[in-house]
Amino acid sequence: MFSNKKNEKKLSEVSTIIGEETVFKGSLEVNSSIRIDGQVDGDVTCYGDVTIGKTGRVEHDLKARNLFLAGAVKGNVKVEGKIHIYDTGSLEGKAEMSTIIIEEKGRFHGESIMTGTVLSEEASHILEIEESKTPKSDSPS
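Report on the accompanying structure. Just so it is clear, the structure is predicted and the values come from calculations on it, not from any experiment.

Scanning the protein from N- to C-terminus turns up two helices and 18 strands. Out of the 141 residues belonging to the protein, those deemed buried represent 33%. Across the protein, contacts joining residues at least 24 apart in sequence account for 3% of those joining residues at least 6 apart. As displayed, the protein has an accessible area near 9,400 Å², and 49% of this comes from carbon and sulfur atoms.

This brings us to the nonpolar core. In terms of nonpolar packing, the biggest core is built from 23 residues, with Val50, Ile52, Leu62, Leu67 and Ile83 touching the most fellow members. Residues contacting Leu62, with those up to four places away along its chain left out, are Val44, Val50, Ile52, Leu67, Asn76, Val77 and Lys78.

Take the environment of Ile34 next. Examined against the element boundaries, Ile34 turns out to sit in strand S4 (residues 33-36). We classify Ile34 as buried; its relative accessible area is 0%. Taking C-alpha positions, Ile34 is 6.2 Å from Ser15, a pair spaced 19 residues apart along the chain. Here Ile34 is in contact with Val14, Thr16, Ile18, Leu28, Cys46, Asp49, Val50 and Thr51, once residues within four sequence places are set aside.

Thresholds applied
Residues numbered from 1 in each chain as written. Predicted model: local features only at pLDDT ≥ 70, side-chain atom pairs only at ≥ 80, totals over all residues. Heavy atoms only, no water. Helix = DSSP H or I, 4+ residues; strand = E, 2+ residues; numbered from the N terminus. Buried < 20%, exposed > 50% of the residue type's maximum accessible area, 1.4 Å probe, protein only. Contact = heavy atoms within 4.5 Å. Areas by Shrake-Rupley, 256 points an atom, 1.4 Å probe, with all protein chains shown as cover. Core = buried A, V, L, I, M, F, W, Y, C linked by side-chain atoms within 4.5 Å.

All we've got here are geometric facts, nothing functional implied.
What follows is the structure, encoded as structure tokens:
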């Protein structure tokens, strides 16, 4: 039990920062969370959260627990949880996530795949109501 809390704390802590004036080329693997304000040209694998600031750029694939995007990503993104694209954020590519939030001026161009979504009992009931309202024709046209 203690190890889960310790592991959760480790994943939530930002241990790596790519500064605004930094260009990183190559694959990057982070065992906690990361903030990117510079440019990363390569794959990013992060077991925690990825925060990309307004000046941050990532080109290539990105995998993370959650993605908070105020800068730009050009490539495929796969997150376990949520992608939050802020009003200055831009995502171009295929995105796979459980939840996506796109603020009013945020941009997303590509394909989205929702994972882990199961209809709740309430949503299932709404679908049943909608189906019962649909007129059914007994005679062929």
